[in-house]
Amino acid sequence: MATKKRTDAKSASDPALDREMLHSMLLQRRFEEKVGEAYALGKIGGFCHLYIGQEAVSTGIVGQLRHDDYVIGTYRDHGQALVRGITPRAIMAELFGRIDGCSRGKGGSMHLFDRNTNFLGGHGIVGSHVPLAAGVGFAIKYRGGDQVIVCFMGDSVVNIGAFHEALNMAALWKLPCLFVIENNRYGMGTSVERAAAVDDLSKRALGYKNMDGIIIDGMDVHAVRAASAAAIERARTESLPSLLEVRTYRFRGHSMSDAVSGTYRPKEELEEYTRLDPIFSLKAKMIADRVMTENDWDALEQEVAATVLDAWDFADQSPEPPLAALYEDVLVDTTS
Amino acid sequence: MPIITYREALNQALREEMARDDRVYLMGEEVGVYNGAYKVSKGLMEEFGENRVVDSPIAELGFAGVGVGSALAGLRPVIEFMTWNFALLAIDQVVNSAAKMLYMSGGQFNVPIVFRGPNGAALQLGAQHSQAFESWLAHIPGIKVVSPGTPYDAKGLLKSAIRDDNPVVFLEGEMLYNTKGEVPEEEYLIPLGKAQLKREGSDCSIITSGKMVLVAMQVADLLAKEDIHIDVLDLLTLRPMDVGAITASVRKTNRAVVLEEGWEVCGIGSQVVDYIQRDCFDDLDAPVIRVHQADVPMPYAKALEKSAKPDVAKTIAAVKQVMYR
Ligand SMILES: Cc1ncc(C[n+]2csc(CCOP(=O)(O)OP(=O)(O)O)c2C)c(N)n1
Ligand SMILES: [Mg+2]
């Protein structure tokens, strides 16, 4: 199917929605800055991948889903989890490896799960979760429901077999899936240009009938919201999949062990994208539109800071899982 | 009691479970229109429709993942691999997705799925189509592994596997599909995780599973004529393994041969022998001997293939060795 550019999408100004989206993005940003601090203090271990810079993608898409829709993603999952409504407390406690974590301390940063919000996890094997998303779409269609599944993935996923197998089946069987590529231009230190034999990643959709391929400006939360709204509608009402290439950028290293700019990307590039910061762009727009004042912004910052601090305190006080938990959750013992 | 083939027994199990629970569906290559590469799913598409008997593209990784994803969203998929050799392309979904989901979600997301298909060698199919992977699979916590050798066991275990709320790997055998046995008309289930004593004898235990159960039974018949009486223990489920049944048998006979279809190194037999040495050290009258495939890729040439496979003669020789005969 055709790939379309929809970066120009304009939604009628809605101050309440703008405030909500600003809050959503700022919470992710400040939460993850605290995560960085906690990591430096050794309160968080293992692999930890920050989402800073990409917040407009989760806010723009997850923020408009229905409660009974599904979300699945990668190890870079803190942002989507927060927007989906897993509490900052439960996420921070998970990162701290505590019993009150959303995966009871068994998952960690890469494996946030929550049954209450149909958050089907952060997954650690590049590409592996894309067929799972097609499977969720299959189950929705099997039951005749009108939910959708949104599957987040990195740009490197378009080069792996699981991605193509999943897209083929989703297109063939018309499954209500949004496949969202968060193109932050790098898979670890390898640029898209050095890994993918395609210029626009959205063109991967061309190989599959029934599949829309869309390029979206991921630094503009309104553009993300508008373009994904159309794809969600398409999935919900027509049971058709879409491939969204959302162009974004991560402001931090690949993981905590990677320097912020690293050997693989020039400082100037990082600075250029920092000027496009989705949060400060929205803030500037709202101030220009006179729907927010600097005082309102300060109040928002304070509110978010309090939430994040509360999450930290909660996580810090939550007990470690008891050692007996080691052998729990390997198998369920019921046979239905 | 009706006598039916192993293939028909599996077909009955699928039909009954699909009729019982509409969340159960079958997906795989050629399962529908073609009636199954080995005809296990014969007639099911006609009976249940193409929404529940789903022909997939040749994309093992993809459709195994679709199965797992659909289980996360409340369905109970049965995923057929044309053979387990091809399931290697999907092993990521078995090991990294299905087996891990419950644990890494802190108990929130179980995956009720069955991955099934023929495992091990048939006849002269060469190196890539003749592999027995039970020890690879049984290595993984978070899944169950079942390996039935008779029509009765195949039906009762498949029904239990489909009703189990965990991922179950179900290993069949191309050479088993045409074998026959008694299967009652009334419904029955065989619990996972329990071994079964297929023959009682006091001289030596043969501990085995799957296709090799048939070999062990022939060995027991032949040796009975020499007044050697074999305890044939069919493990049925390889994970979790019924350790109690193994030790009970060895404590009775004081001698054991462990027979498996796959390769020697890190095979199922290594684990069985470990349980025996731990729990039956003082009961043993001889070292335990293992019978398995030769440590080579499977050759094509008839005589070479035959000499690579575990068989009746090799097993009899092993029994005589542990009996110092
Ligand atoms: C199959 C597989 N190979 C390698 C890795 C190691 N790895 C983890 S993340 C990553 C880069 C992925 O980049 P991308 O898909 O662009 O996502 P991003 O990290 O940029 O969000 C690699 C190579 C892995 N987890 N899985
Ligand atoms: Mg990337």
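Below you will find a few notes about this structure. (Residues numbered from 1 in each chain as written. Chains lettered and ligands numbered in written order. Predicted model: local features only at pLDDT ≥ 70, side-chain atom pairs only at ≥ 80, totals over all residues. Heavy atoms only, no water.)

Some words on empty space enclosed by the protein
A probe as big as a water molecule, rolled over the atoms, marks out the empty space that is left. Residues and elements named next belong to chain B. Short version of the rule: Detection works on a 1 Å grid of protein atoms alone, calling trapped sets that fit a 1.4 Å probe cavities and calling open sets with protein on both sides within 12 Å along at least five of seven lines pockets, with lining residues defined by an atom within 4 Å of a point. Grid points are joined across faces, edges and corners, and a volume is the space filled by probe spheres set on the points. Under the grouping applied here, Gly and all other residues not named as nonpolar or charged are polar, the nonpolar ones being Ala, Val, Leu, Ile, Met, Phe, Trp, Tyr, Cys and Pro and the charged ones Asp, Glu, Lys and Arg.
Within this structure, the stated rule accounts for 5 cavities of 30 Å³ or more. If you add up the space inside the largest cavity, you get close to 150 Å³. As for the largest cavity, its lining consists of 23 residues, of which E134, S147, S209, G210 and K211 are closest to the centre. When the residues that make up the lining of the largest cavity are grouped by side-chain class, the tally is 11 nonpolar, 7 polar and 5 charged.

So, the nonpolar core
This is how the line gets drawn: To form a nonpolar core, buried Ala, Val, Leu, Ile, Met, Phe, Trp, Tyr and Cys residues must be joined to one another through side-chain atoms within 4.5 Å. To sort residues, take the accessible area from a 1.4 Å probe on protein chains only and compare it with the maximum for the residue type: under 20% means buried, over 50% means exposed, and anything in between is partly exposed. Helix and strand definitions here come from DSSP, where helices need a minimum of 4 consecutive H or I residues and strands a minimum of 2 consecutive E residues; each element is numbered from the N-terminal end. Residue ranges labeled as domains rest on an automatic or database domain assignment.
Formed by 88 residues in total, the largest nonpolar core has its most connected members in F179 of chain A together with F115 and I246 of chain B. Ranked by the residues each element gives to this core, the list is headed by helix α5 (residues 129–143) of chain A, at 8 residues. Formed jointly, this core draws a minimum of three residues from each of two domains, domain 1 (3–182) and domain 2 (196–324) of chain B. The next biggest cluster of nonpolar side chains, apart from the first, holds 66 residues, and it includes M21, L27, L112 and V224 of chain A.

Thoughts on the interface of chain B and chain A
Note the following rule: What makes two residues a contact is simply this: any of their non-hydrogen atoms within 4.5 Å. Two parts placed together each lose some accessible area under a 1.4 Å probe, and the buried area is that loss summed for both. Basic side-chain nitrogens of Lys or Arg form a salt bridge, by our definition, when they fall within 4 Å of a carboxyl oxygen of Asp or Glu. Pairs of N or O atoms are called polar contacts if they sit within 3.5 Å, as long as, within protein, a hydrogen donor faces a hydrogen acceptor (for residues adjacent in sequence, only side-chain-to-side-chain pairs).
The interface is formed by 50 residues belonging to chain B together with 40 residues belonging to chain A. Summed over both sides, the interface between chain B and chain A buries roughly 3600 Å², with carbon and sulfur atoms accounting for 65% of that surface. Summed over the three residues of chain B that lose the most area to chain A, namely Y103, M104 and F109 of chain B, the buried surface amounts to 19% of that side. Where chain B packs against chain A, one counts 0 salt bridges. Remark: the boundary between chain B and chain A carries 16 residue pairs in polar contact (both at pLDDT 80 or more). Elements supplying a minimum of two residues to the side of chain B that touches chain A: β2 (24–28), β3 (53–55), α3 (60–72), α5 (91–98), α6 (101–104) and α8 (151–163) of chain B. Top contributing element to the side of chain B that touches chain A by residue count: α3 of chain B, with 10 residues. Of the residues in the side of chain B that touches chain A, the class split is 20 nonpolar, 18 polar and 12 charged.

Considerations on the sheet that holds strand β13 (residues 256–263) of chain B
All names here are of chain B. Selection criterion: Pairing between strands requires that DSSP locate at least two bridges from one strand to the other. A fitted line through C-alpha atoms represents every axis, and for helices the fit uses only the stretch in contact; the resulting angles, taken between N-to-C directions, go from 0 to 180 degrees.
Here 5 strands make up an open sheet; going across it, the order is β9-β11-β10-β13-β14 and the pairing mixed. Only two strands of the sheet have a single neighbouring strand rather than two, namely β9 (196–199) and β14 (289–293). Sheet twist, expressed as the mean angle between neighbouring strand axes with direction ignored, is 25°. Judged from the 3 bridges that link them, strand β10 (residues 204–208) and β13 form a sheet pairing that is parallel. Paired with I207 across the strands is V258, a residue of β13. Relative to β13, helix α11 (residues 268–279) is tilted by about 155°, and along the sheet it contacts β10, β13 and β14.

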